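So the chains spell out like this:
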Amino acid sequence: MQAPLKILEHLEARLDDRLDSLPLSAAESSIARPLVSLLLPLPRAPFSAPQLDGRQFQFQHAQRGELHAGYGCAAEWHEEGPRRLQRLADNASALARCWHRRDPDDTGFDAFAMLGFAASAEAVPQIEDHLPNAILWVPEIGLRTRDGEAVLILSAALPATRAQLADAWRAALRRLVPQLYQPPVGPLMPAPLARDFAEPDFSGWSAMVADALEQIDRGGLDKVVLSRRLDVSGPRCFDLGRLIGALGCLFPSCQIINLRRNGKSFVAATPERLLSQQGARLTVDAIAGTAPRAETAARDAELARTLLSCDKNLREHRFVIDAIHTALADCCDVISSARTPSVMQLSNAQHLWSAIEAMPRSGTHVFDLAERLHPTPATNGQPRDKAQTWLQAREPFERGWYTGAAGIVEPDLSGELWVLLRCARVCGERAELYAGAGIVAGSDAVSEWDETEDKLKAMLSALQYA
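These numbers come from a predicted model, not from an experiment.

### Observations regarding the environment of P396
With respect to the helices, strands and loops of the structure, P396 is situated in the loop between α9 (384-394) and β20 (405-409). When its relative accessible area of 39% is taken as the criterion, P396 is described as partly exposed. Those residues within four positions of P396 in sequence are excluded, and the remaining contacts are E199, P200 and M208.

This is how it looks when you write it as structure tokens:
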């Protein structure tokens, strides 16, 4: 087994061998500067993505054995407003025409970008916000693992000289590679967390639920998803590596996400894909309807059976399925889903889940699909526009990136995006947590509050060990 320094020497030698084969000058397009990317295989997949100073992102799914991480910036675009995703799509399309990617070792991997956006297209300033409203981000150095294999992707804007690329990429490798194969850090002894601030409190929550049920009873809404924010602090600065490791252990079937900029991280452990587009296949998750977990297997199974037969939860789930079918009807063919949902079991909750399959028509890309699907009734409500308007008037805080989406975009504009749920914004010893619950006819304030408490436990449990 090669030591990290030996691996670094090997990668630097491979870099020197390949630099002369790269196109280092290219005409700029009207939107995007040309990029060049060089793929270098790693001898083995790392344990996890190291936490370094500076800007970085991470998407890690333990059950699937997949990891995408990015460090630094080769190119990025920020947008806001109603056409934010269309404008980012224009940039991505222009970039695709002038993105020179080289895979001299035939690894079968490719370069990638990160796409992410806040819940609302309207940029509403938040205290200490650290993420733009919407971003398309190509990292200077990317890390990608799949099926036990791994590759580093070095990217830079053109034109550039050989010396410039050699210096920049060697420096990037020297920052990252020695950290790649460090043993994963274990959890610390659990520390108590102080609940410093919450909005709404239970009284405010009850009033919101009552207002929502009144709107539903009048026929103005079918469903609306109410949210809570909880600010906590600990006795020590939260360790991001330990936090992500704890979330991966607690929720191996979830996508663990870390978006770090300006010294702050937005961290999520989300079970819900907004979409996964691979070639001619599209998969969308419909997740709505929730029950707690139990301490015994028998009681747990009973709760799952009750969830599958509960009229209130089944109606909530059906709203999501119907909305997804409607959203895809104009751009996809052969849209299908199972007759009845399955139960997705997480360590702190179980949900009704249906996978919806479709075939996107030619020219349909991840940006277009995201525009059609986001926000879903699982995070916003139904009808979509009425629910958004109602929430903007009634929720006491701006969601920011909570219930937004983030994921990976391929150079051909396919990709995978995840809804940002079970999340927190983390800085130092403080964290802001978010959770929500869907309100439909038959909901009551106490049970929906309890549901949000169960969802908050996902991040609270991990933070204690970080």
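### Description of the packing of aromatic side chains
A full pass over the atoms with the stated rule returns seven aromatic pairs. Arranged with centres 5.9 Å apart and planes meeting at 45 degrees, the rings of F397 and Y434 form a pair that is tilted. Remark: Y434 occurs in strand β23 (residues 430-439) and F397 occurs in the loop between α9 and β20; sequence separation between them is 37 residues. Taking the relative accessible area as the measure of exposure, F397 reaches 7% and is therefore buried. Connected via pairs of aromatic rings, a cluster forms that spans F57, F59, F112 and W137. Over the aromatic face of W99 sits the side chain of R101, whose NZ or CZ is 5.8 Å from the ring centroid.

### Focus on unusual backbone geometry
In the segment running from L158 into P159, the intervening peptide bond is cis, with an omega of 0 degrees. With respect to the element layout, P159 can be found in the loop between β9 (149-157) and α3 (162-180). Cis geometry marks the peptide bond from E199 to P200; its omega dihedral reads -5 degrees. Look at N262: it is not a glycine, yet its phi comes out positive at around 55 degrees. With respect to the helices and strands, the residue N262 is situated in the loop between β12 (255-261) and β13 (264-270). Even without glycine at this site, L413 takes up a positive phi of about 70 degrees. With respect to the helices, strands and loops of the structure, L413 is situated in the loop between β20 and β21 (415-419).

### Considerations on the environment of L35
With respect to the element layout, L35 can be found in strand β1 (residues 35-42). L35 sits in the buried class, given a relative accessible area of 0%. It is 54 Å that separates the C-alpha atoms of L35 and G442, two residues lying 407 residues apart in sequence. Residues contacting L35, with those up to four places away along its chain left out, are A74, A75, L95, C98, W99, H100, V138, A156, A157 and L158.

Conventions and cut-offs
Residues numbered from 1 in each chain as written. Predicted model: local features only at pLDDT ≥ 70, side-chain atom pairs only at ≥ 80, totals over all residues. Heavy atoms only, no water. Helix = DSSP H or I, 4+ residues; strand = E, 2+ residues; numbered from the N terminus. Buried < 20%, exposed > 50% of the residue type's maximum accessible area, 1.4 Å probe, protein only. Contact = heavy atoms within 4.5 Å. Phe/Tyr/Trp six-rings, centres within 6.5 Å; stacked < 30°, edge-to-face > 60°. Lys NZ or Arg CZ within 6 Å of the ring centre and 35° of its normal.

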